[in-house]
Structure formats: structure tokens, C-alpha cells
Number of protein chains: 2
Amino acid sequence: MNVLGIDIGGTKTIVAVADSDGHIIALERIDTPREQGPSAVLSAIESAVRALLTHYALRITSVGIGCGGPLDRERGIILVAPNLPGWDNLDLVHYFRNAFGAPVVIDNDVNLMALGEARSGAGVGVDHMAYFNIGTGVGGGIVISGKLYRGCGNAGEFGHQIILPDGPDCLCGKRGCLESLVSGTSIARRAREYLADHPRSSILKLAGSLDKVTAEVVARAAFDGDDLARRIWLETGEYLGLGVANVVNILNPRMVIIGGGVAQVGDLLLDPVRRTVRERAMTQLADDVRIVPGVLGDQAGIIGAIRLAVERD
Amino acid sequence: MNVLGIDIGGTKTIVAVADSDGHIIALERIDTPREQGPSAVLSAIESAVRALLTHYALRITSVGIGCGGPLDRERGIILVAPNLPGWDNLDLVHYFRNAFGAPVVIDNDVNLMALGEARSGAGVGVDHMAYFNIGTGVGGGIVISGKLYRGCGNAGEFGHQIILPDGPDCLCGKRGCLESLVSGTSIARRAREYLADHPRSSILKLAGSLDKVTAEVVARAAFDGDDLARRIWLETGEYLGLGVANVVNILNPRMVIIGGGVAQVGDLLLDPVRRTVRERAMTQLADDVRIVPGVLGDQAGIIGAIRLAVERD
């Protein structure tokens, strides 16, 4: 009795087969051919899975899929897929149930990262926790009493809480959202803006040109001791700290896990987050929470997708 | 088999006895003699309860108590009581268990208002809901799958989410909290500030003098058509809308209930709240939520305390 997990991302997709306890037997990464539209992506995923199943002579009894949201879990469709053009209202469950003849459960990709960290990562044994994913965008997931909390279906949009009411435009169409202030995209944008007044910063040298400035370059410059780069991370951590403080005040979790590509800078980001939460959240609630980095890296989502397939929840 | 509910407030305390289904048999309001310190308050409450029990010839098998928090439910003590000087670390459970020989459960007063509205008010039959109490301060309560969600014990501090990072000082010791922008205290403070530039506003006339300006006076002036007063309510509703939008984005509830004395102005406050949530929360999540006024008035807390005693949760 094996299960299949699929973690569909805007650039990479991971598929993995696991045993009924969720231990991974085989895992494959493919590029997401998103420019070719949904049917090309779906059949690329199907082919990758079939190759795995044939090679390892496995059969599957259940499928868990993570994808950008918001989505309608009951109807099994993606409502809006910000990273996947043409995927709005796509019936993902129907496709893969037909393809593999097994029940399919879907969820928001960041919810599944939260589930992955809860079951096999930094959050093992923690009853109430909140997960922030800081990457190109900013997402969230909530685990309550060990289970994913979804509200009406799409809870945990931590990235779109309003941190600065008059802040920058956000990709969601609103403004001043946490995402518009701490995502990788925002870090790169702010770095480019600030460079005009800081021509001696090493960020530009490391990037090569202004259009090649990324959050990763700003991280490397900060580790090299560049003042502007360090200031950008400090500012980012303080904004993120406000968002974490709000989630702490609202959910009173025992743990906040910060994952995602941008979070890999570690304490450069987490130190100002922790300090800001201590300064700005209610004292008793700040005392209750540990703020820790995710430990599953870019496998958090696929591990969560497999747990979804195992738990069928 | 009857139960006792106690709702301890900074100025008024309500005690009530109910049957095992939670229907109120007898209810009594007393002034909270808080200036005389905790033992005077506790014995005033005990006397009021004994008078009720004797008069109606009732016995009780369980007690539910609501009080300002944060508190430690497991140890049965109040950690910090902002409205009750001298109550920090008070062992409330011990006192009333000894007094009445019955098990005692305590909870945050606003949590119990949320429970009251969930069981007998605007939230009957709603699975996931968030309750905002807008009074002298601003509190919150979260109901998930029909049960109070408490996190590590004190979740739902909606009033202390940060709305304006550089905003006014808050009584909690931080700044820019929702409470510092929308509480009755804040409305009165802003009205006094704005009056300097608006000498013709009817607020001052209605109040009699600057130190008698209250949120209630600002409400009366607004209903009379006073421009400044209407602007203050609009501003208050927009700030509150940001706080509600954040809770909607984080919890994706099916309903947000706005209760408390300040909320009694109705649509003067709720219209800008609803508009702001629609403008600032994620579209799908804003579509999921109904924002409604509480219906239990100042009895929400005592009804919740009785439910706590019945459900012993």
C-alpha cells in the first residue's frame, strides 16, 4: 500500500512515492513547463509519476497534491493560481483520479509545508504552531492540536495581513501586505531602490547589474559585511517580526516556524524577527512561543503532500 | 443540577444561576468594589451568589467564571488583570471552589462573550468565527469547529495586533495596537485632540466640557449629523476594518461578530469595517465572511460563563 505525493510549484514540481507510514521510497524533481499551459504540466507530472511507478514496480492507493491557492478542496479545484497562468478553476482532483485510479486530496502548497514540518520537521510534537513560508511570495499554514486548520478552506494567508496601511503595492492587488515588504521579490526591489543612494554597496558588484539583484545576492553581500545589505535584512526582519507578532497575538502558538528560500539566511532574518516579537507582541504570548527555522528545506511541501495522502485529511 | 456563572468586570459584575441546559434562572448585577481590593470584590461576589441561591433555594454543581486576562487556566489564576488593581496572580479558582464546594473553570471574559454569542447569539450554528469586543479596551475570542480556541491559553488578543507600527501608545505598553486606535478610550482621546481644530463641532456642546467627551457622546453627535463626529467614526471603522481584515486573512472565518459597548453605534462603525475588509482582505476570504453585530449586549459574557460551567471546557 503506497501513496503518491505531488508538490506543484511555479518553476519546479516534485513527485514522490512513499509507503503507508509516509516514508519516501522514490522522489523525482521535474521542471514545471508552465508556459505551455495546464495540460502540458499535468501530462509532464503524470509521465514522471508513471516512470517512478514502473521503475520501482509500485502501485498507489492514495494521492496528495499541493498547489498554490486559494483552492476549493471539496470540489477539488484550484480557484486562483498566481504562479500558474491558465490554471484558474482547474479540476486537479478529477485529472489525477482518472490518471491513477486512486482517491486524490489537494491542499495549498504552504499548508502542506506546515504539515510536513509538523509531522517530520521542526514542529514534531508541537500542538499549536504557525508556519511562515518566505520565498518569492509569503504564505502561511496553521496547525492546531496537531491538525491543519483551514477555516472556510483557505486560512493562514499570513502574507496578506496589512503591516503598513499606506505601504507598497502587493501582487495580490492590495497594498502594505507583509508579502510586499518581506518576500524575495520585495527584498530585491528595495535593494535596487536603495542602491541609487548607496553606490559603494557591494550588492551591485556581486549582482553584476541592477536587474540581477536578488534576495540571494543581498544575503551574500550581508555575509560579506556590506552595510546596506545588512540594513535591508534588518528592515526585512523587523517587518516580518510585526507579522509574526500579530500571528502570535491572534493564535498564541507554542511555535512559529519560518521556512522558505529567503529564510535560509538564518539569524540575519530571525534575530530581528525574535527581537521585534519580544518588543511588539503581548509579553505573556511572546513568552509562550519559540521562533525557529524550518528544517525540511524545499522538501517540506512534498513531505506534507505525502502526509496528506496518508492521512487523507 | 444547576450551574453558576460569574462575569467579573472592572465596574460591574454579573452573577447568574442556570439549569443544566444553561437556561438562566436568576441573575444579579453588582458594582465591582475594585478600589477596595481583591478580597472585598471576592466576598461581594460570594454574598451576591449566596443571596441568589438562598432566595431561589438552589444548589450548584459547577461554576464558570470570566475575568480580564491573561490568565493561567490550568492553575486557575489570573496572571495580569489590567482592569483590577492588585489581582495579578490571584487564585480565583481556589477561592470559589472553597466557597461553593463545586468545580470551578475560568476563562478570559472576552472568550466567554465569544462562547455566549456562539451558543445563544449571532453565531449559533457557525463552525468558525471570530469575535471582537470593542469597549474601553479591545479583546477577541476565536471559535473553531464550535469550540473556543485558546492556543497556549490566551489566544485571540485581536486588540493588540499592530495596525500602525508608529501609531499611538497603547495601555499594554506597546504602540500602534488596534486597541490604541478603536477603543472607547481612543475615540474619546482623538475627539478631544481634533476638537482643538473644530471648535464648531457639536461634540463639545453635547459633552459639556472637554474632559466629559466619551465615545458615547461622539456617537450621539454623529447621529445628529456632526461632521467631525462622523469623521471620527469613519476613521475608527477603517482602523477596525484593517484589524478585521487581518483576522479574516489569518483565520478565514465564516463569521466575524463585533460586540461591546462601542459597537452599539451599529452601521456607523460596521459599514466602514465591511468596506475596508472588502478592500483590504484577500477577495476569496472576504467573500467567505459575514460581519455582523453581536446580539447579546452586555449579557454575552455571563451567558458564556454559564456555558463554560455547563460544558466544563
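Residues numbered from 1 in each chain as written. Chains lettered and ligands numbered in written order. Predicted model: local features only at pLDDT ≥ 70, side-chain atom pairs only at ≥ 80, totals over all residues.

Peer 1: Any chance you could break down the sheet that holds strand β9 (residues 129-134) of chain B for me, citing the residues and the numbers?
Peer 2: All names here are of chain B. One open sheet accounts for five strands, arranged β11-β10-β9-β12-β13; its pairing is mixed. A single partner strand is all that each edge strand has here, and the edge strands are β11 (147-149) and β13 (290-293). With direction set aside, neighbouring strand axes in the sheet form an average angle of 25 degrees. Contacting β9, β10 (138-144), β11 and β12 (255-259), helix α3 (residues 109-120) crosses the sheet at an angle of about 50 degrees to β10. (Pairing = 2+ DSSP bridges. Helix = DSSP H or I, 4+ residues; strand = E, 2+ residues; numbered from the N terminus. Axes fitted to C-alpha atoms, helices over the stretch in contact; angles between N-to-C directions. Contact = placed C-beta atoms within 7 Å.)

Peer 1: Requested: an account of the relation of the copies chain A and chain B, with residues and values cited.
Peer 2: Its rotation angle being 180 degrees, the transformation that places chain A on chain B also includes 0.0 Å of axial translation and leaves an RMSD of 0.0 Å. In symmetry terms, the pair is related by a two-fold rotation axis. The fraction of interface residues of chain A whose copies in chain B are also interface residues reaches 100%, indicating that both copies meet through the same surface. (Least-squares fit on C-alpha atoms with pLDDT ≥ 70 in both.)

Peer 1: Explain the interface of chain A and chain B to me, using residue names and the numbers behind them.
Peer 2: In this complex, chain A contributes 35 residues to the contact, which on the side of chain B involves 35 residues. Contributions of two or more residues to the side of chain A that touches chain B are made by α8 (227-251) and α10 (283-288) of chain A. The dominant element in the side of chain A that touches chain B, judged by the number of residues it contributes, is α8 of chain A, at seven residues.

Peer 1: Lay out the pairing of strand β1 (residues 2-8) of chain B with the relevant residues and their values.
Peer 2: Residue and element names in this part refer to chain B. Burial runs high along β1: six of the seven residues are buried. Looking at chain direction, β1 and strand β2 (residues 12-19) are connected through seven bridges and run antiparallel. Directly across from Gly5, in β2, lies its bridge partner Ala16. Hairpin connection from β1 to β2: three residues lie between these consecutive antiparallel strands. Looking at chain direction, β1 and strand β4 (residues 60-67) are connected through six bridges and run parallel. Each residue of the ladder has a partner; that of Leu4, found in β4, is Val63. (Buried ≥ 20, exposed ≤ 12 C-beta atoms within 10 Å, placed from the backbone.)

Peer 1: Give a description of the packing of α8 of chain A against helix α9 (residues 267-280) of chain A that names residues and reports values.
Peer 2: Residue and element names in this part refer to chain A. Two elements in contact, α8 and α9, have axes separated by 7 Å at closest approach and are oriented at 45 degrees. The orientation of α8 with respect to α9, classified from their angle, is oblique. α9 is crossed by α8, and the crossing has right-handed handedness. The residues of α9 that touch α8, namely those facing Trp233, Leu234, Thr236, Gly237, Glu238, Leu240, Gly241, Leu242, Val244, Ala245 and Val248, are Leu268, Leu269, Asp271, Pro272, Val273, Arg275, Thr276, Val277 and Arg280. (Parallel < 35°, antiparallel > 145°, perpendicular 65-115°, else oblique. Left-handed = near helix turned anticlockwise from the far one by under 90°.)

Peer 1: So what's going on with the nonpolar core? Residues and values would help.
Peer 2: Counting residues in hydrophobic clusters, the biggest one holds 208 residues, and the most contacted among them are Val218, Val248 and Val256 of chain A together with Val218, Val248 and Val256 of chain B. Ignoring sequence-local partners within four residues, the contact set of Val218 of chain A consists of Ile187, Ala191, Ile203, Ala229 and Ile232 of chain A. (Core = buried A, V, L, I, M, F, W, Y, C linked by C-beta atoms within 7 Å.)

Peer 1: Lay out the pairing of strand β4 (residues 60-67) of chain A in plain terms, naming residues and giving numbers.
Peer 2: Residue and element names in this part refer to chain A. Burial runs high along β4: six of the eight residues are buried. Inspection of the sheet shows β4 paired to strand β8 (residues 104-108) by five bridges, in the parallel sense. When the sheet's bridge partners are listed, Ile65 is paired in β8 with Ile106.

Peer 1: Describe helix α11 (residues 300-311) of chain B, with residues and values.
Peer 2: All names here are of chain B. With 12 residues, α11 ought to run about 16 Å at 1.5 Å a step, and its terminal C-alpha atoms sit 16 Å apart, in line with that. Of all 12 residues that make up α11, 11 are buried, and the element is covered over most of its length. If you check which residues of α11 are buried, you get Ala300, Gly301, Ile302, Ile303, Gly304, Ala305, Ile306, Arg307, Leu308, Ala309 and Val310. Positive backbone phi, at 50 degrees, marks Arg312, one or two positions downstream of α11. (Expected span 1.5 Å × (residues − 1).)

Peer 1: Give a description of the domain arrangement of chain A that names residues and reports values.
Peer 2: Residues and elements named next belong to chain A. Assigned domains of chain A: these are domain 1 (2-115 + 299-311) and domain 2 (124-294). Look at where the C-alpha atoms of domain 1 and domain 2 centre, and you get two points 27 Å apart. On the domain 2 side, the residues contacting the 12 residues of domain 1 number 14 residues. Of the residues forming the side of domain 1 that touches domain 2, the biggest block, five residues, is contributed by helix α3 (residues 109-120). (Domains from an automatic or database assignment.)

Peer 1: Which residues make up the sheet that holds β4 of chain A, and what values go with them?
Peer 2: Residue and element names in this part refer to chain A. With mixed pairing, five strands are arranged side by side in an open sheet as β3-β2-β1-β4-β8. Each of the sheet's edge strands pairs with one partner strand only, and the pair in question is β3 (24-31) and β8. In this sheet, neighbouring strand axes are inclined to one another by 15 degrees on average, regardless of whether the strands run parallel or antiparallel. With respect to the sheet, helix α1 (residues 38-56) is in contact with β1 (2-8), β2 (12-19), β3 and β4, its orientation differing from that of β2 by roughly 30 degrees. Here α3 sits on the sheet and contacts β1, β4 and β8; the angle it forms with β8, its principal contact strand, is near 95 degrees.

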